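Each chain is listed here by its residues.
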Amino acid sequence: DAYAAVFDTPQEIHDRDGHYLEVLDRVTFDRTLAQRGHLLQAMFNHGKTMYGTPSERYSMPIGTPLEVKPDAAGLMTATRMSKTPLGDEILELIHDGAIKGMSFSGSFVRTEKQPATQRGGLQTFRRMETALREYGPTPFPYYESALIVGVRSEAAEMLATMSPEEIAEFAAALAEPARADLLRALAAADTGTGNDIPPDTGHDVGSPTRTKALLRLDLDRLKRS
């Protein structure tokens, strides 16, 4: 779960349009999501190298967009990461905290240019409509507050509907390393310190608090099963 963009947050930009402040309006993605939201791709670093050149390795999607919608803060995205070498590598870097940010690419269809408010200041480009093409994690996000806010494992979502006895039976049938991953997720939920359960950020991704409560169980008994 991550913000690919944040609204009403001035960001200093240097690009082919010059040097200016950019602000994303709350309506900037509305039309593109309504018209072609089902065509969006989740990519790593816009499919490019760190130098901005095309990358054959990063030109493939890293996952499947489950939900992309504006909320009060920005463009919230929920993505199921693919079980591919690239998807697993990116997910591991996210878990390690090496990659924290998100970004998007597309063409700006409508922009309102506002003059600088003070002498020597920067002109503001307010993006009113953006044709969104893709989004995804990047080591170099333009917007510092466009962040990955949580990682939910498929197991954690499924376990939230199971009883402790059913969880123990399920874990006993798993092969390594899946069983070890499950135990780590449960331990993190039990102590409230892991990032397998997203923080309560106010967006509509379910109730992490409820998930943690449902996963508080006898870990020693589970480990012995």
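Fair warning: this is a prediction, and the values are worked out from it, not measured in the lab.

**Quick word on the pairing of strand E2 (residues 11-15)**
Direction of pairing for E2 relative to strand E3 (residues 18-24): antiparallel, over a ladder of five bridges. By the bridge assignment for E3, Glu 12 is matched with Leu 21. Where E2 folds back onto E3 in an antiparallel hairpin, the turn is made up of two residues.

**Some remarks on the environment of Thr 9**
Residue placement: Thr 9 occurs in the loop between strand E1 (2-6) and E2. Along the backbone, Thr 9 and Leu 21 are twelve residues apart, and their C-alpha atoms lie at a distance of 9.4 Å. Filtering out sequence-adjacent residues up to four positions away, Thr 9 remains in contact with Glu 22, Val 23, Tyr 143 and Ser 145. For Thr 9, the side chain forms a polar contact with the main-chain oxygen of Phe 7, separated by 3.0 Å.

**What about the packing of aromatic side chains?**
In total, this model carries four aromatic pairs according to the counting rule given. Aromatic pair Tyr 20 and Phe 125: ring centres 4.2 Å apart, planes at 15°, arrangement stacked. One end of the pair, Tyr 20, is in strand E3; the other, Phe 125, is in strand E8 (residues 124-138), and 105 residues separate them in sequence. The two residues Tyr 20 and Phe 125 agree in class, both being buried. Seen in terms of ring centroids, Phe 44 and Tyr 58 are 4.8 Å apart; in terms of plane orientation they differ by 75°. Their pairing is edge-to-face. Here Phe 44, found in the loop between strand E4 (41-42) and strand E5 (63-70), pairs with Tyr 58, found in the loop between E4 and E5; they are 14 residues apart in sequence, far enough to count as distant. We note that Phe 44, like Tyr 58, is buried. Of the aromatic side chains, those joined through ring pairs into one cluster are Phe 7, Phe 29 and Phe 104. One cation-aromatic arrangement involves Arg 127 over Phe 108; the distance from NZ or CZ to the ring centre is 3.8 Å.

**Remarks on the pairing of strand E6 (residues 74-81)**
Both E1 and E6 contribute to a ladder of four bridges, which runs antiparallel. From the neighbouring strand, Ala 2 faces E6, where its bridge partner is Thr 77. With seven bridges connecting them, E5 and E6 associate as antiparallel partners. The partner of Gly 63 across the bridge, within E6, is Met 81. Where E5 folds back onto E6 in an antiparallel hairpin, the turn is made up of three residues.

**Re the environment of Thr 53**
As for its position among the elements, Thr 53 is in the loop between E4 and E5. Engagement of the side chain of Thr 53 in a polar contact is seen with the side chain of Thr 49, the distance being 2.7 Å.

**Focus on unusual backbone geometry**
Notably, Asp 8 is not glycine yet its phi reads approximately 55°, a positive angle. Summarising the element assignment, Asp 8 is placed in the loop between E1 and E2. Classification of Asp 8 by relative accessible area gives partly exposed; the value is 31%. For His 46, which is not glycine, the phi torsion reads 60° and is therefore positive. Mapped onto the fold, His 46 is located in the loop between E4 and E5.

**Comments concerning a nonpolar patch on the surface**
On the surface, Met 50, Tyr 51 and Phe 140 cluster together into a nonpolar patch covering about 430 Å² of accessible area. Within the element layout of this structure, Tyr 51 appears in the loop between E4 and E5. Overall, the relative accessible area of 70% leaves Tyr 51 in the exposed class.

Cut-offs applied
- Residues numbered from 1 in each chain as written.
- Predicted model: local features only at pLDDT ≥ 70, side-chain atom pairs only at ≥ 80, totals over all residues.
- Heavy atoms only, no water.
- Pairing = 2+ DSSP bridges.
- Helix = DSSP H or I, 4+ residues; strand = E, 2+ residues; numbered from the N terminus.
- Contact = heavy atoms within 4.5 Å.
- Polar contact = N/O pair within 3.5 Å; in protein donor to acceptor, adjacent residues only side chain to side chain.
- Phe/Tyr/Trp six-rings, centres within 6.5 Å; stacked < 30°, edge-to-face > 60°.
- Buried < 20%, exposed > 50% of the residue type's maximum accessible area, 1.4 Å probe, protein only.
- Lys NZ or Arg CZ within 6 Å of the ring centre and 35° of its normal.
- Patch = residues over 30% accessible without salt bridge, like charges linked within 9 Å, V, L, I, M, F, W, Y side chains within 5 Å.
- Areas by Shrake-Rupley, 256 points an atom, 1.4 Å probe, with all protein chains shown as cover.
- Salt bridge = Lys/Arg side-chain N within 4 Å of Asp/Glu carboxyl O.

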